[in-house]
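Each chain, written out:
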Amino acid sequence: MKTFARKCLSLCAGFGMSLIAAGSVAAADLKVGALYPFSGGLALLGNESYRGLELAVEERNAAGGINGQKIALVKADAVDANQAVGEARRLTSVEGVSAIFGSYSSALAFAATQVTELAGVPYFELGAVSDSVTGRGYKYVFRSNPTAKNFAEGMVDAVTHVIAPALKVDPKSLKIAIIHEDSLYGTTISGFQKEKAARDGLNVVEILPYSAKTVDLSSLILRLKGAKADVVMQTSYQNDTILFFNQAKAAGFKPKALIGAGGGYSMADTATALGETLNGAFNVDFTQYETREEGAPGLKSFVALYTKRYGTAPRSGHSLTNYVGAKAFLDVLAAAGSTDKDKIRGAVMAYKKPVGSTASGWGFEFGEDGQNRQAKANLMQWQNGKLVTVFPKEVAVSEPVVGR
Amino acid sequence: MDIFLQLIVNGLLLGGAYAIISIGLTLIFGVVRVVNFAHGELLMIGMYAVFLASQQLGWHPYVSAIPVALMLFVTGAVIQRFVIQPLLKADPHIQIFATVGVSTALLNLGLLIFGADVRQISPGFGAESFQLGELSIVSGQLVTFLMAIALVGGLHVFLQRTYVGRAFRAVSQHRYAASLMGVNVDRMYVYAFGLGAACVGLAAALLSTQYPVFPTVGSYFTLTAFVVVVLGGMGSLYGALIGALLIGLVDSLAGYYISPDLKEVVYFVIFILILVVRPTGLLGLGRGSE
């Protein structure tokens, strides 16, 4: 009964929305869906992600739209997987959109793509990182951003290409420890790290999972100390990052390098809470704003555009990531010259851009699974309270500092 | 061997932190016979108060311990007077729902006012560590440990020697009989809840030197606090202290010798085994004392 009432409600809401949309949208407009968490716990970063898409669409419309058609964004609020399914259904069947952009969260992307794939509507993912979003054999799901695997490999590459050369030692001689919180996030990334480290012949001495809700990591730190770990890779949220740094400092454990996988390592609050202690820590993440313009042309103008439109500087890298992905997929829609799903897939496969040609420094080249192969996560380091890009060279604004 | 000693020390010190949180919980349970699910949120309020005092007034957390304890005494007394007292004659599960409601309300109030951000005080003394031979000890943890022991001792004297303390014990033994002896039961409950909450205020000040504060910080500690209280024997102060030290030791040793993600498994197995042998906890008064 309750679900029936809810269905009726969502149906009414759907009709209402479509009436409003029909009123304001001219007949020749190209309708695309924007599926993000606009309310609830993920709302802040969901909204930040959407702003990137919105800017790309507004820019495109100002330049004449797609083949003479203006693009009309239809917003859909997906707080959780259930709602993502409901909203994806509304977009595909009631609104009749030509494509859907989303979604910030992997859980939402999983749910929504199941609907869009069946409905035969192309789905463009601009921000979710779980590898399996594009790993399920779906034909019309495409993703512009790097995945969890790219993050993990970026962390291992940091050891081979940045840390070992800076210490002037053979990477194979460094003792590496992998520590991670034990939910899906940490387990996925550490799994890829383990594989990659084994492939590269690196010496992993400890792999230690822990609960993100723990209040004591002193035993774990003693294990790392006992194993004489030179490099520690941590996949963590905010609270466990702070706990680890505080307790490592108290126990006098100072590895030559610490590398984080976004999460707690990326947040400005972590830096505020830890102060000096965080300086020197490395972090792998989406492109941030302390990045060199030469390797990421258009970055400054994006920040200017954003600031002009919203009256504040970008709140995180999510808007940039979504902006770059959305621009590419709008190009694809233009190149396809049709809303036919197979023509769009053909245009995605044919779309190629070299690395270093977009505002986030990525290139574009899509694999058969729909995943962009030329998007990589960059290596950053906390230097004097700022998270600056240090690798690869093309986008680095500062030299990496190791072992000081 | 050095590592083993260090693990023992770490475990005991961690146990001190668990103890200081559990004392208030076991006191409230022992006297009022209410399982206070809002305990963690009281800790959160205390930690935010300590944080604000440090940020706005520049007070060291140890300085704000007394004012924050007083503030939480009032908070606890208000909760008892206006939430629990009207429900005293209702079923225990209704009282539990009431404290769960208070917990949810306080948690969301915290989110509303402070947001989900993590904030940390950098106090100097309390966060730094010193060397004792081969052992490394964090000063704040040692202070917490000593304070936990002092608090248990102090409360023991209070319960044995003062009128209010004796009244607490009378009420906990038999509410109706105590009222016949001229004890104002409702007032004693308000005092007891307030005192239990004040202990959490003290805990908040002590823990603020080592842990950051955020709205859900309570949930990081409360599950362990409940385990400690049940393990020690519900309502027993010494039981809570011993239970906390035991859990701390298991936490530390299992985290090193088994695996950091399995330490909870180990201590819950021990917890269950102890309850199988002694269903009323280590120092519980035996069947029927609840």
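Residues numbered from 1 in each chain as written. Chains lettered and ligands numbered in written order. Predicted model: local features only at pLDDT ≥ 70, side-chain atom pairs only at ≥ 80, totals over all residues. Heavy atoms only, no water.

### Let's talk about the overall build of chain A
Filter applied, for reference: Only DSSP runs of H or I reaching four residues or more are called helices, and only runs of E reaching two or more are called strands; each is numbered from the N terminus. The globule rule used here is 2.2 Å times the number of residues to the 0.38 power, and the radius of gyration it is set against is calculated over C-alpha atoms. Throughout this description, buried means an accessible area under 20% of the type-specific maximum (1.4 Å probe, protein chains only), exposed means over 50%, and partly exposed covers the range between. Contacts are assigned to residue pairs with any non-hydrogen atoms lying within 4.5 Å of each other. Here the Shrake-Rupley method, with its probe set to 1.4 Å, supplies the accessible areas, and only the displayed protein chains count as covering residues.
From N to C terminus, chain A includes twelve helices and 14 strands. Scaling as 2.2 N^0.38, a compact globule of 404 residues should have a C-alpha radius of gyration of about 22 Å, and chain A matches this with 22 Å. Reported as C-alpha extents along the three principal axes, the dimensions of chain A are approximately 65 × 55 × 40 Å. Looking at the 404 residues of chain A, the share that counts as buried comes to 56%. The long-range share in chain A, meaning contacts at least 24 apart out of those at least 6 apart in sequence, stands at 66%. Summing over all exposed atoms, chain A offers an accessible surface of approximately 16200 Å²; the carbon and sulfur share of this is 57%.

### Some points on the domain arrangement of chain A
Note the threshold: The domain boundaries here were taken from an automatic or database domain assignment.
Domain boundaries assigned for chain A yield domain 1 (2–146 + 298–365) and domain 2 (149–285 + 378–395). Its C-alpha centre places domain 1 of chain A at a distance of 33 Å from the equivalent point of domain 2 of chain A.

### Points about the sheet that holds strand S5 (residues 141–143) of chain A
Residue and element names in this part refer to chain A. To keep things clear, this is the line we draw: When DSSP locates at least two bridges between a pair of strands, those strands are taken to pair. Every angle, taken between N-to-C directions, lies between 0 and 180 degrees, and every axis is a line fitted to C-alpha atoms, over only the stretch in contact when it is a helix.
With respect to topology, five strands assemble into an open sheet ordered S2-S1-S3-S4-S5, the strand pairing being parallel. The sheet is open, and its two borders are formed by strand S2 (71–77) and S5, each paired with just one other strand. Going across the sheet, the axis of each strand differs from the next one's by a mean of 25°, ignoring polarity. Relative to S2, helix H3 (residues 81–95) is tilted by about 150°, and along the sheet it contacts strand S1 (30–36), S2 and strand S3 (99–102). Contacts between helix H4 (residues 106–119) and the sheet are confined to S1, S3, strand S4 (123–125) and S5, with S4 contributing the most and set at about 160° to the helix.

### Description of the interface of chain B and chain A
One frequent convention defines the size of an interface as the accessible area lost when the parts assemble. Inclusion rule: The salt bridge criterion pairs a side-chain nitrogen of Lys or Arg with a carboxyl oxygen of Asp or Glu, the two atoms within 4 Å. What qualifies as a polar contact is a pair of N or O atoms within 3.5 Å, subject to a donor-acceptor requirement within protein and to the restriction that residues adjacent in sequence count only when both atoms come from side chains. Residue type decides the class: Asp, Glu, Lys and Arg count as charged, Ala, Val, Leu, Ile, Met, Phe, Trp, Tyr, Cys and Pro as nonpolar, and the leftover types, Gly among them, as polar.
Tallying the contact residues gives 29 residues for chain B and 24 residues for chain A. At the boundary of chain B with chain A, the tally comes to zero salt bridges. Seen at the junction of chain B and chain A, the total is ten residue pairs in polar contact (both at pLDDT 80 or more). Of all the secondary structure elements, the ones that give two or more residues to the side of chain B that touches chain A are helix H1 (2–32), strand S2 (135–138), helix H9 (217–232), helix H10 (237–257) and helix H11 (263–277) of chain B. Tallied by class, the residues present in the side of chain B that touches chain A amount to 14 nonpolar, ten polar and five charged.

### Focus on the packing of helix H2 (residues 39–57) of chain B against helix H3 (residues 61–84) of chain B
Residues and elements named next belong to chain B. The line we're drawing: Any angle that falls under 35 degrees is termed roughly parallel, while one over 145 is termed roughly antiparallel, one within 65 to 115 roughly perpendicular, and all others oblique. Handedness of each helix crossing follows the sense of rotation of the near helix against the far helix: counterclockwise by less than a right angle gives left-handed, clockwise gives right-handed.
Where H2 meets H3, the axes come as close as 9 Å, and the angle between the chain directions of the two elements is 140°. Between H2 and H3, the angle falls in the class oblique. Every pair of crossing elements has a handedness; the one defined by H2 and H3 is right-handed. Touching Leu-42, Ile-45, Gly-46, Ala-49, Val-50 and Ala-53 of H2 are Pro-61, Ser-64, Val-68, Met-71, Leu-72, Thr-75 and Ile-79, all from H3. Here the residues of the contact of H2 with H3 are counted per class, giving ten nonpolar, three polar and no charged.

### Brief notes about the sheet that holds strand S6 (residues 175–181) of chain A
Residue and element names in this part refer to chain A. Spatially, the seven strands line up as an open sheet ordered S7-S6-S8-S9-S10-S13-S14, and their pairing is mixed. The sheet terminates laterally at strand S7 (203–210) and strand S14 (386–391), the two strands that pair on one side only. The sheet shows a mean angle of 25° between the axes of neighbouring strands, direction not considered. Looking at chain direction, S6 and strand S8 (residues 231–235) are connected through five bridges and run parallel.

### Examining the UniProt feature "transmembrane region" (unreviewed entry) in chain B
How we decide: UniProt positions are given in the numbering used here, feature names are shortened, and annotations may be inferred rather than shown by experiment.
What UniProt calls "transmembrane region" (unreviewed entry) maps, in this numbering, to residues 12–35, 65–84, 96–116, 136–159, 188–207, 238–259 and 265–285 of chain B. With 100% helix and 0% strand, the stretch residues 188–207 of chain B has end C-alpha atoms that lie 28 Å from each other.

### Some remarks on the packing of aromatic side chains
Both the distance between ring centres and the angle between the ring planes are used here to describe each pair of aromatic rings. Residues and elements named next belong to chain A. For clarity, the cut-off: Aromatic pairing here means that ring centres of Phe, Tyr or Trp (its six-membered ring) are within 6.5 Å. Orientation follows from the plane angle: under 30 degrees is stacked, over 60 is edge-to-face, and everything else is tilted. Placement of a positive charge over a ring is assigned whenever Lys NZ or Arg CZ falls within 6 Å of the ring centre and within 35 degrees of the normal to the ring plane.
Applying the stated rule across the entire model yields 27 aromatic pairs over all chains. Relative to Tyr-306, the ring of Phe-302 has its centre 6.1 Å away and its plane inclined at 55°; by these criteria the two rings are tilted. Here Phe-302 pairs with Tyr-306, and both are found in helix H10 (residues 299–310), just four residues apart, close to one helical turn. Of the two residues, Phe-302 and Tyr-306, both sit in the buried class. Ring centres of Phe-364 and Phe-366 lie 6.0 Å apart, and the angle between their planes is 20°; on these two criteria the pair is classed as stacked. Comparing Phe-364 with Phe-366, the two get one shared label, buried. The rings of Phe-101, Phe-124, Phe-142, Phe-329, Tyr-351, Phe-364 and Phe-366 are connected pair by pair, giving a single aromatic cluster. Positioned above the aromatic ring of Tyr-310 is the side chain of Arg-51, whose terminal nitrogen or guanidinium carbon lies 4.2 Å from the ring centre. Directly above the ring of Phe-38 sits Lys-75, whose terminal nitrogen or CZ lies 4.6 Å from the centroid.

### Examining the packing of helix H5 (residues 148–167) of chain A against helix H6 (residues 184–199) of chain A
Residue and element names in this part refer to chain A. With their axes 8 Å apart at the nearest point, H5 and H6 run at an angle of 45° to one another. Classified by the angle their axes make, H5 and H6 are oblique. Where H5 crosses over H6, the handedness of that crossing is right-handed. On H6, the residues touching Ala-148, Lys-149, Phe-151, Ala-152, Glu-153, Met-155, Val-156 and Asp-157 of H5 are Thr-188, Ile-189, Phe-192, Gln-193, Lys-196, Ala-197 and Arg-199. Classifying every residue of the contact of H5 with H6 by side-chain character gives eight nonpolar, two polar and five charged.

### Topic: the pairing of strand S1 (residues 129–132) of chain B
Residue and element names in this part refer to chain B. Relative to S2, S1 runs antiparallel, the two being bridged by four bridges. When the bridges of S2 are listed, Gln-131 appears paired with Ser-136. Hairpin remark: S1 followed by S2, antiparallel, with two residues in the connecting loop; positive phi at Gly-133, about 65°.

### Some details on the pattern of salt bridges
All names here are of chain A. Taken as a whole and assessed by the stated rule, the structure comprises 19 salt bridges over all chains. Two residues, Glu-48 and Arg-315, come together in a salt bridge whose shortest N-O distance is 2.7 Å. A residue pair is termed long-range when its members are at least 10 positions apart, and Glu-48 in helix H2 (residues 43–62) and Arg-315 in the loop between H10 and helix H11 (318–336) qualify at 267 residues. Classification of Glu-48 by relative accessible area gives buried; the value is 0%. Taking relative accessible area as the criterion, Arg-315 reaches 40% and is therefore assigned partly exposed. Across the pair Asp-369 and Arg-373 runs a salt bridge, and its minimum N-O distance is 3.1 Å. A cluster of three or more residues bridged by salt bridges with shared partners is formed by Lys-31, Glu-87, Arg-90 and Glu-95.

### Some words on the environment of Thr-312 of chain A
Inspection of the secondary structure assignment puts Thr-312 of chain A in the loop between H10 and H11. Sequence-distant contacts of Thr-312 of chain A, defined by excluding residues within four places in its chain, comprise Tyr-306 and Thr-307 of chain A.

### Things to note about the nonpolar core
To be explicit about the condition: The nonpolar core is taken to be a set of buried Ala, Val, Leu, Ile, Met, Phe, Trp, Tyr and Cys residues, with the residues joined through side-chain atoms within 4.5 Å.
In this structure, Leu-220, Leu-224, Val-232 and Phe-244 of chain A together with Leu-43 and Phe-221 of chain B are the most contacted members of the largest nonpolar core, which totals 107 residues. Looking at this core element by element, the count peaks at 14 residues for helix H8 (residues 185–207) of chain B. Not counting the four nearest positions on each side in its chain, Leu-224 of chain A is found in contact with Ala-177, Ile-179, Glu-206, Leu-208, Ala-229, Val-232, Phe-244 and Phe-253 of chain A.

### Some thoughts on the side chain of Ser-236 of chain A
Residues and elements named next belong to chain A. Mapped onto the fold, Ser-236 is located in the loop between S8 and helix H8 (238–250). Owing to a relative accessible area of 0%, Ser-236 belongs among the buried residues under this scheme. A polar contact of 2.8 Å, which involves the side chain of Ser-236, links it to the side chain of Thr-241. Excluding its chain neighbours within four sequence positions, the residues that come into contact with Ser-236 are Glu-181, Tyr-185, Tyr-210, Thr-241, Gly-262, Gly-263, Gly-264 and Tyr-265.

### Here's the deal with H8 of chain A
Residue and element names in this part refer to chain A. Which entries qualify depends on this criterion: Take the number of residues in a helix, subtract one, and multiply by 1.5 Å to get its expected span.
Here H8 contains 13 residues, and its C-alpha end-to-end distance of 19 Å stays within 8% of the 18 Å for a straight helix at 1.5 Å per residue. Most of H8 sits inside the fold, with eleven of its 13 residues counted as buried. One or two positions beyond H8, positive phi appears at Gly-252, with a value near 70°.

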